[in-house]
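# Structural description and commentary
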Amino acid sequence: MDDAAIAALEEELKTEKGFSSYGAIVEWLKEEHGQDIEYATVYAWVRYRLGAKLKVPRPQSHKQDEKLVSEFKKNSASFSSV
């Protein structure tokens, strides 16, 4: 990877949008910077050299009750201190 691609990747990782997968980063580098880099190389650069993590939250059910979730969080915090 050249310095321009690394700098652009760092900036893109800092945005709220981020990337959904390391494969998406591979595709982004190919489209935006014309660099065909292997998945393992991209993973190593992002995870270990740049120290970044992907910003994708775990999926949540749209059916869950927000009130019950907040109540559970309150109660589980009191049990963990025991």
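First, a word on scope: everything that follows refers to the structure included in this document. None of the values given here were measured: they were computed from a predicted structure.

What counts and how
Residues numbered from 1 in each chain as written. Predicted model: local features only at pLDDT ≥ 70, side-chain atom pairs only at ≥ 80, totals over all residues. Heavy atoms only, no water. Helix = DSSP H or I, 4+ residues; strand = E, 2+ residues; numbered from the N terminus. Axes fitted to C-alpha atoms, helices over the stretch in contact; angles between N-to-C directions. Parallel < 35°, antiparallel > 145°, perpendicular 65-115°, else oblique. Contact = heavy atoms within 4.5 Å. Nonpolar A, V, L, I, M, F, W, Y, C, P; charged D, E, K, R; others polar. Phe/Tyr/Trp six-rings, centres within 6.5 Å; stacked < 30°, edge-to-face > 60°. Buried < 20%, exposed > 50% of the residue type's maximum accessible area, 1.4 Å probe, protein only. Lys NZ or Arg CZ within 6 Å of the ring centre and 35° of its normal. Salt bridge = Lys/Arg side-chain N within 4 Å of Asp/Glu carboxyl O.

## Regarding the environment of G34
Looking at the secondary structure, you find G34 in the loop between α2 (22-33) and α3 (39-49). The sequence separation of G34 and A5 amounts to 29 residues, and the corresponding C-alpha distance is 9.4 Å.

## What about the packing of α2 against α3?
α3 packs onto α2 with a crossing angle of 105° between their chain directions and a minimal axis gap of 9 Å. In this view, α2 runs roughly perpendicular relative to α3, as classed from their interaxial angle. Within the contact between the two elements, α2 uses Y22, G23, I25, V26 and L29 and α3 uses Y39, V42, Y43, V46 and R47. Considered class by class, the residues forming the contact of α2 with α3 number 8 nonpolar, 1 polar and 1 charged.

## Details of the packing of aromatic side chains
Per the counting criterion, the structure on display carries 4 aromatic pairs. Ring geometry for Y22 and Y43: centres 4.7 Å apart, planes at 70°, overall edge-to-face. On the criterion of sequence distance, the pair formed by Y22 in helix α2 and Y43 in helix α3 is long-range, its members being 21 residues apart. The partly exposed category is assigned to Y43, whose relative accessible area is 28%. Taken together, the ring pairs connect Y22, Y39, Y43 and Y48 into an aromatic cluster. Residue placement shows R49 over the ring face of W45; its charged tip is 4.4 Å from the ring centre.

## Overview of the pattern of salt bridges
Where charged atoms of side chains with opposite charge meet at close range, the side chains can pair. Within the structure shown, the criterion is met by 1 salt bridge. Residue D36 pairs with K30 through a salt bridge whose shortest N-O separation is 3.7 Å. By relative accessible area, which is 65% here, D36 ends up exposed. With relative accessibility at 38%, the residue K30 sits in the partly exposed group.

## Some remarks on the environment of L54
Relative to the elements of secondary structure, L54 occurs in the loop between α3 and α4 (66-80). When the C-alpha atoms of L54 and Y22 are compared, they prove to be 8.0 Å apart, with 32 residues separating the residues in sequence. Ignoring anything within four residues of it in the chain, the contact list for L54 reads F19, S20, S21, Y22 and I25.

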